[in-house]
Amino acid sequence: MSSCARILVVGGGITSAATVSLLAETIPQESLTVWDKARGAGGRMSTSRSTGNPQCKVDLGAQYVSASSESQVLHKDMYNQLLSAGVLTQLDSQGIEGFRSEDPRVLHYTAPNGMSTIVKHFFQRSGAQVHFNQRIVELSKSGNKWKVVSEKGLEEEFETVVLTMPVPQILELGGDIAELLKEDASVLNGLKSVRYSSRFVLGLFFDENVNLSVEWTSKYINKHPIFRFISIDNLKRGDEQGPTSVLVHSSVPFGVQNIDVNPEQLKDKLINSLFELFPMWPKPASVKCMKWKYSQVSSFYPGNPGSVVISRNPNLILAGDAFSSSSNFEGCLNSASSVANIISKHAKQEL
Ligand code: FAD
């Protein structure tokens with residue numbers, strides 16, 4: 001791979017952002033491009049803002065970052081960057097009812113401006129060209145390049161493509177990639193064995209600071225037919241004076257039972273059930289309801305390799321939490337490091 005070979009990373013989540021940030025240490029920024037189908041950065045680390053008050057925001061997916069002692073050593077530079085930029089600060093885990101943290105060496109962090117700022121930080125640092133509203137639908141070989149086609153008809157060629165979307169979305173892609181996977185039974189069976197949990201989400205925006213009179217910032221709920229986790233999001237982020245927002249995650253069994261149901265159909269039921277638990281709460285200014293069809297990985301790609309190379313020259317690499325051993329920030333950093341090592345090694349061999 002020549003030093004000006006183009007690299008496309010598909011996905012606007014943390015695996016993609018950490019990958020381009022690591023690659024930018026050795027590869028010119030102009031060579032790095034990112035496409036995501038969504039309107040903005042974050043993926044499953046997304047933060048939603050109220051239309052009535054953009055300062056009122058809520059983390060819809062990942063809630064906090066837990067760094068094991070191994071990860072603190074392996075990814076020291078990345079944690080230091082995030083901490084010194086104020087993107088991460090220490091989480092007040094005392095305020096989380098039912099918080100399970102057996103190992104005192106694990107450090108827990110919150111993102112004061114929302115989890116998506118972690119992803120945005122790495123994209124910004126990388127200098128990569130990041131394009132949203134670009135859903136890729138087809139990947140086909142064109143000589144020693146991959147021709148990538150988006151739903152909107154955009155077509156571009158890259159020497160290397162890295163796919164970081166959830167595995168079922170990789171398996172939906174058309175073009176030569178589908179043929180390539182059919183020819184490699186071991187990889188195809190590995191991909192088909194990956195499983196995700198599903199969850200529904202409510203985000204309540206109060207748009208101003210209100211006192212919800214609870215004694216916790218977040219709480220894991222046991223044995224409720226619908227809910228598993230609830231958080232006063234501004235308090236979790238350490239913003240006591242800011243506009244109040246609340247995040248609610250359904251339990252996994254509820255998500256699985258209703259996996260094919262449109263979230264809009266369940267919105268009223270979820271809101272009513274929440275207000276049965278908290279009848280004294282005021283009415284929020286607006287409520288967002290959504291479904292994470294692919295929430296956290298429950299069954300990983302066999303062997304937890306970090307990433308899988310399915311083609312060389314042109315290069316095609318699969319990455320993301322599914323290829324790691326933990327479905328969280330740390331797992332994604334491990335996957336990103338694995339991709340960056342493969343690409344850097346390949347670039348050196350070609351020199
Ligand atoms: P994603 O974030 O899923 O990014 C993939 C991107 O690919 C998406 O942005 C998507 O839009 C894009 N995409 C998909 N298909 C296409 C296509 N065809 N073309 C272009 N783009 C495409 N982790 C923690 O560390 N702590 C937590 O507290 C935590 N809690 C969680 C709670 C929930 C409800 C969920 C859903 C996840 C949670 N996680 C948590 C897990 C964490 O969010 C994920 O491990 C991580 O965000 C995965 O990042 P990723 O970049 O690998 O994938």
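Calculation notes
- Residues numbered from 1 in each chain as written.
- Predicted model: local features only at pLDDT ≥ 70, side-chain atom pairs only at ≥ 80, totals over all residues.
- Heavy atoms only, no water.
- Helix = DSSP H or I, 4+ residues; strand = E, 2+ residues; numbered from the N terminus.
- Rg over C-alpha atoms; globule rule 2.2 N^0.38 Å.
- Buried < 20%, exposed > 50% of the residue type's maximum accessible area, 1.4 Å probe, protein only.
- Arc of directions from axis to C-beta.
- Axes fitted to C-alpha atoms, helices over the stretch in contact; angles between N-to-C directions.
- Parallel < 35°, antiparallel > 145°, perpendicular 65-115°, else oblique.
- Left-handed = near helix turned anticlockwise from the far one by under 90°.
- Contact = heavy atoms within 4.5 Å.
- Nonpolar A, V, L, I, M, F, W, Y, C, P; charged D, E, K, R; others polar.
- 1 Å grid on protein atoms, 1.4 Å probe; cavity = no way out; pocket = protein on both sides within 12 Å on 5 of 7 lines; lining within 4 Å.
- Points joined across faces, edges and corners; volume = space filled by probe spheres on them.
- Pairing = 2+ DSSP bridges.
- Near = heavy atom within 4 Å.
- Polar contact = N/O pair within 3.5 Å; in protein donor to acceptor, adjacent residues only side chain to side chain.
- Areas by Shrake-Rupley, 256 points an atom, 1.4 Å probe, with all protein chains shown as cover.
- Phe/Tyr/Trp six-rings, centres within 6.5 Å; stacked < 30°, edge-to-face > 60°.
- Salt bridge = Lys/Arg side-chain N within 4 Å of Asp/Glu carboxyl O.
- Domains from an automatic or database assignment.
- Buried area = accessible area lost by both parts, 1.4 Å probe.

**Section: the overall build of the chain**
At step 1: Scanning the chain from N- to C-terminus turns up 11 helices and 22 strands.
At step 2: Taking 351 residues into account, the globule formula puts the C-alpha radius of gyration at 20 Å, and the chain, at 21 Å, falls close to it.
At step 3: Once the C-alpha set of the chain is aligned to its principal axes, its extents read approximately 65 × 40 × 40 Å.
At step 4: Of all 351 residues assigned to the chain, the portion counted as buried reaches 54%.

**Some words on helix α7 (residues 185–192)**
At step 1: Looking only at α7, the buried set comprises V187, L188, G190 and L191. Projected down its long axis, α7 shows its buried positions confined to an angular sector of 160°, all on one face. Across from the buried face of α7, at angles greater than 90 degrees, the exposed residues are S186 and K192.

**Notes on the packing of helix α1 (residues 14–23) against helix α4 (residues 116–126)**
At step 1: At their nearest, the axes of α1 and α4 sit 8 Å apart, and the two run at 30° to each other. It follows that α1 is roughly parallel to α4 by the angle criterion. Considering the relative orientation of α1 and α4, their crossing is left-handed. Between α1, through I14, S16, A17, A18, V20 and S21, and α4, the contact on the second element is made entirely by I118, V119, F122, F123, R125 and S126.
At step 2: Of the residues assigned to the contact of α1 with α4, the class counts are eight nonpolar, three polar and one charged.

**Side note on the layout of surface pockets**
Where empty space is left can be seen by rolling a probe of water-molecule size over the atoms.
At step 1: Approximately 290 Å³ is the volume found for the second largest pocket.
At step 2: Forming the walls of the second largest pocket are 15 residues, and the residues nearest its centre are L22, E25, S337, A340 and N341.
At step 3: Contributions of two or more residues to the lining of the second largest pocket are made by α3 (76–84) and α11 (329–350).
At step 4: Broken down by element, the residue count for the lining of the second largest pocket peaks at six residues, all from α11.

**Re the sheet that holds strand β2 (residues 32–35)**
At step 1: Strand order across the open sheet formed by six strands is β9-β2-β1-β13-β22-β21, with mixed pairing between neighbours. In the strand order of this sheet, the two ends are held by β9 (129–131) and β21 (307–311), each with one partner. Averaged over all neighbouring strand pairs, the angle between strand axes comes to 20°, with direction disregarded.
At step 2: Of the pairings in the sheet, the one linking strand β1 (residues 7–10) to strand β13 (residues 160–163) comprises four bridges and is parallel in character. The partner of I7 across the bridge, within β13, is T160.

**Considering the site of the ligand**
At step 1: Not every one of the 34 residues close to the ligand is listed here, only the nearest: T15, D36, R44, Y64 and D321.
At step 2: Between an oxygen atom of the ligand and a main-chain N or O atom of R44, the distance comes to 2.7 Å.
At step 3: One of the backbone nitrogen or oxygen atoms of Q63 is found 3.0 Å away from an oxygen atom of the ligand.
At step 4: Against a free-state accessible area of 1000 Å², the protein chains account for coverage of 94% of the ligand.
At step 5: For the shell around the ligand, the secondary-structure elements that each account for two or more residues are α1 and α11.

**Considering the packing of aromatic side chains**
At step 1: Tallying each qualifying case throughout the model produces 11 aromatic pairs.
At step 2: Ring plane angle 40° and centroid distance 5.3 Å describe the contact between Y301 and F323, whose orientation is recorded as tilted. With a gap of 22 residues between them, Y301 in the loop between β20 (297–299) and β21 and F323 in the loop between β22 (315–319) and α11 connect regions that are remote in the sequence.
At step 3: On the accessibility criterion, F323 (1% relative accessible area) is buried.
At step 4: An aromatic cluster is defined as three or more aromatic residues linked by ring pairs; in this entry it consists of W216, F275, F278 and W281.

**Some words on the sheet that holds strand β12 (residues 155–158)**
At step 1: What the three strands build is an open sheet, ordered β10-β11-β12; its pairing is antiparallel. In this open sheet, the two edge strands, each paired with only one partner strand, are β10 (136–142) and β12. On average, each strand axis in the sheet is tilted by 25° relative to the strand beside it, whichever way the strands run.
At step 2: Note: strand β11 (residues 145–150) against β12, four bridges, orientation antiparallel. Along β12, the bridge assignment pairs W146 with F158.
At step 3: Sheet strands in contact with helix α6 (residues 176–183) are β10 and β11, and its direction is about 75° off that of β10.

**Considering the pattern of salt bridges**
At step 1: Counted according to the given criterion, the structure contains 10 salt bridges.
At step 2: Here E151 ties to R135 by a salt bridge, and the two come within 3.4 Å at their closest N and O atoms. One end of the pair, E151, is in the loop between β11 and β12; the other, R135, is in the loop between β9 and β10, with 16 residues separating them in the sequence.
At step 3: Salt bridges sharing partners connect three or more residues here, namely D59, D233, K236 and R237.

**Overview of the domain arrangement of the chain**
At step 1: Taken domain by domain, the chain consists of domain 1 (6–39 + 132–195 + 298–350) and domain 2 (196–297).
At step 2: Taking the mean C-alpha position of each, domain 1 and domain 2 sit 32 Å from one another.
At step 3: Contact with domain 2 buries surface across domain 1, with P168, S298 and S327 losing the most and accounting together for 47% of the total.
At step 4: One can count three residue pairs in polar contact (both at pLDDT 80 or more) joining domain 1 with domain 2.
At step 5: Elements represented by at least two residues in the side of domain 1 that touches domain 2 include exactly α5 (167–171) and β20.
At step 6: Per-element accounting of the side of domain 1 that touches domain 2 gives the leading share, three residues, to α5.

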